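# Survey of secondary and tertiary structure
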Amino acid sequence: MCQPPDWAAGDLYLCENAPELAPIIKKFSPCPLSPKKQEEYFSILLSGIVAQQLPPEVSQDLMQKMENFLGSPITPKAVFGAKDEDLCALGLVKQKVDYAKSFAGAIADGIITMDKFPEMTDSQISKQLLQIRGLGQWTIEMFLLLALCRKDVVPSADFIFKKELQRLMKLPEIPKRGQVTKITEHWRPWRSLAVWYLWQNAGSKK
């Protein structure tokens, strides 16, 4: 398992170079994120496929049923070896069964090289994963940030982050992808950390 970034160094950098974040950092520091184990990668990404167009509580319940049936963490071998009708009986629609098996097959065929993810760049990982039907930009960005703990990810497809960024920067509307990149440029190379703090700030308002 990879070592987490030095989040404390990131705190210092952001407080110095992005003073607008300093009060939020002071409130929610330290960041506890640490990389997930490699054997969990498939299951984490699979949950992104399962969750598409479903309420969070429904997708979480479905993943729990799949883990009970296939084992935890779920492996490509377990998915590939399961009968379609058994997966559908758990509540998975046929299209997502096809996506899950295609994903498992891509790993078996070496198209997706999860064992090499720790040494690969963010763009290399994204390029591989975007080949998989059912894996979109948001899921891949969440995986890079939360599972691999890559320190400079900006999830421009994440609504909660963009809404909080709008509030922080007092923008007239929620920023689009190109605007997000420009607005957060001075947060480099610790944009993942800044995003995590904005998520905490958003969650504290509920």
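Residues numbered from 1 in each chain as written. Predicted model: local features only at pLDDT ≥ 70, side-chain atom pairs only at ≥ 80, totals over all residues. Heavy atoms only, no water.

As enumerated under the stated definition, the model contains six aromatic pairs in all. A ring pair is formed by Tyr41 and Phe117, whose centres lie 6.1 Å apart and whose planes are at 25 degrees; its orientation type is stacked. Pair noted here: Tyr41 is in helix α3 (residues 41-51) and Phe117 is in the loop between α7 (94-108) and α8 (122-129), with a separation of 76 residues, a long-range link. Comparing Tyr41 with Phe117, the two get one shared label, buried. The interplanar angle of 70 degrees and the centroid separation of 5.1 Å between the aromatic rings of Trp196 and Tyr197 together place this pair among those described as edge-to-face. Residues Trp196 and Tyr197 agree in their burial class; the two are buried. Taken together, the aromatic side chains of Tyr41, Phe117 and Phe143 make up a single cluster linked through ring pairs. Here Lys151 stacks its cationic end above the ring of Trp190, 4.4 Å away from the centre of that ring. (Phe/Tyr/Trp six-rings, centres within 6.5 Å; stacked < 30°, edge-to-face > 60°. Helix = DSSP H or I, 4+ residues; strand = E, 2+ residues; numbered from the N terminus. Buried < 20%, exposed > 50% of the residue type's maximum accessible area, 1.4 Å probe, protein only. Lys NZ or Arg CZ within 6 Å of the ring centre and 35° of its normal.)

What follows concerns helix α12 (residues 191-203). For α12, with 13 residues, the first-to-last C-alpha span of 18 Å sits near the 18 Å given by 1.5 Å per residue. Within α12, eleven of the 13 residues are buried, leaving the element largely enclosed by the surrounding structure. By the burial criterion, the buried members of α12 are Arg191, Ser192, Leu193, Ala194, Val195, Trp196, Tyr197, Leu198, Trp199, Asn201 and Ala202. Here the buried face of α12 lies against α1 (7-17), α2 (22-28), α9 (137-147), α10 (159-169) and α11 (177-183). (Expected span 1.5 Å × (residues − 1). Contact = heavy atoms within 4.5 Å.)

So, on to unusual backbone geometry. In this structure, the amide linkage connecting Ser72 to the following residue, Pro73, adopts the cis form with an omega of -5 degrees. Tracing the sequence through the fold places Pro73 in the loop between α4 (56-70) and α5 (76-81). One non-glycine residue, Gln53, lies in positive phi territory at about 60 degrees. Structurally, Gln53 is set in the loop between α3 and α4. The class for Gln53 is exposed, based on a relative accessible area of 82%. With a phi close to 55 degrees, Cys149 is a non-glycine residue in the positive phi region. Relative to the assigned elements, Cys149 resides in the loop between α9 and α10.

Its place among the elements puts Glu57 in helix α4. Between the C-alpha atoms of Glu57 and Pro19, which are 38 residues apart in sequence, the distance is 37 Å.

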